[in-house]
Amino acid sequence: MKSRRHELIKKIIGEEIIETQEALAEALRVRHMRVTQATISRDIKELFLIKVPAGGGRYRYAVSPQERVHFSEGRMKRLFKDNVTRCDFSENIVVVKTLPGAAATVAAALDASDWQEVIGTVAGDDSIFVLVKPMDAAEGLVMRIQELIR
């Protein structure tokens, strides 16, 4: 239900000028989806919706660029399989080696992931430093990445 609602919200704001949470709730009700104001508020946060100028001093909801960068499990597997050559760790730093020019994209996928042990990344041209917390999670992260590249 939630994913269906989220897709419908993105469709609505792509087709109509929606300026308020109330207007969004009404647009959903017209499409036979009952929602509360609290649900709309939560959906706006989860979808990373932002307000953009709509002209005439008005603002409308839109999908932020951040939300568009989503790496599904399948996309992560393809990305890693096609670009990651190896990885290893020392203490709480994992080093991921990629094909030349691919490190930034792989690092962005790691940063966008919901992998709780990943604090952040620093990417060069073909190498990524991944800071991991807690320290003993580094080995598990390496195994997870190795599984993706098989």
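Small disclaimer: the values here were computed from a predicted structure and weren't measured.

Reading the values: the criteria
- Once a new chain begins, its residue numbering starts again from 1 and follows that chain's sequence as written.
- Side-chain atom pairs in this predicted model are given and counted only at pLDDT of 80 or more, local residue features only at pLDDT of at least 70, and totals for whole chains, interfaces and linings cover all residues.
- Excluding hydrogens and water, the side-chain values take into account all heavy atoms of the structure.
- Here a salt bridge means any side-chain nitrogen of Lys or Arg lying within 4 Å of a carboxyl oxygen belonging to Asp or Glu.
- By definition, any uninterrupted DSSP run of H or I lasting at least four residues is a helix, any uninterrupted run of E lasting at least two residues is a strand, and each is numbered from the N terminus.
- Throughout this description, buried means an accessible area under 20% of the type-specific maximum (1.4 Å probe, protein chains only), exposed means over 50%, and partly exposed covers the range between.
- Pairing between strands is defined by DSSP: at least two bridges between them are needed.
- Comment: axis = line fitted to C-alpha atoms, over the contacting stretch for helices; angle = value between 0 and 180 degrees taken between N-to-C directions.
- Any two residues having at least one pair of non-hydrogen atoms within 4.5 Å are treated as being in contact.
- Domain borders in the structure are assigned automatically or taken from a domain database.

Re the pattern of salt bridges
- All chains considered together, the criterion is met by nine salt bridges.
- We note a salt bridge from E7 to K10, for which the minimum N-O separation is 3.2 Å. Linking E7 with K10, this pair stays in helix 1 (residues 2–15), spanning three residues, or about one helical turn.
- Look at K10 and you get partly exposed, because its relative accessible area is 23%.

Overview of the sheet that holds strand 3 (residues 84–90)
- Strand order in the open sheet formed by four strands is 3-4-6-5, and the pairing between neighbours is antiparallel. Taken across any chain shown, the strands that pair with only one partner, and hence form the sheet edges, are strand 3 and strand 5 (118–123). On average, each strand axis in the sheet is inclined to that of its neighbour by 20°, with strand direction left out of account.
- Where helix 5 (residues 73–83) meets the sheet, it contacts strand 3 and strand 4 (93–98), and its direction lies at approximately 95° from that of strand 3.
- This element, helix 7 (residues 138–148), spans strand 3, strand 4, strand 5 and strand 6 (127–132) of the sheet and lies at about 170° to strand 3.

A closer look at the domain arrangement of the chain
- What the domain assignment lists for the chain is domain 1 (1–68) and domain 2 (70–149).
- Each of domain 1 and domain 2 has a C-alpha centre, and the two are 33 Å apart.

Some words on the side chain of H6
- With respect to the element layout, H6 can be found in helix 1.
- With a relative accessible area of 11%, H6 lands in the buried category.
- What H6 contacts, discounting residues up to four positions off in sequence, is D43, E46 and L47.

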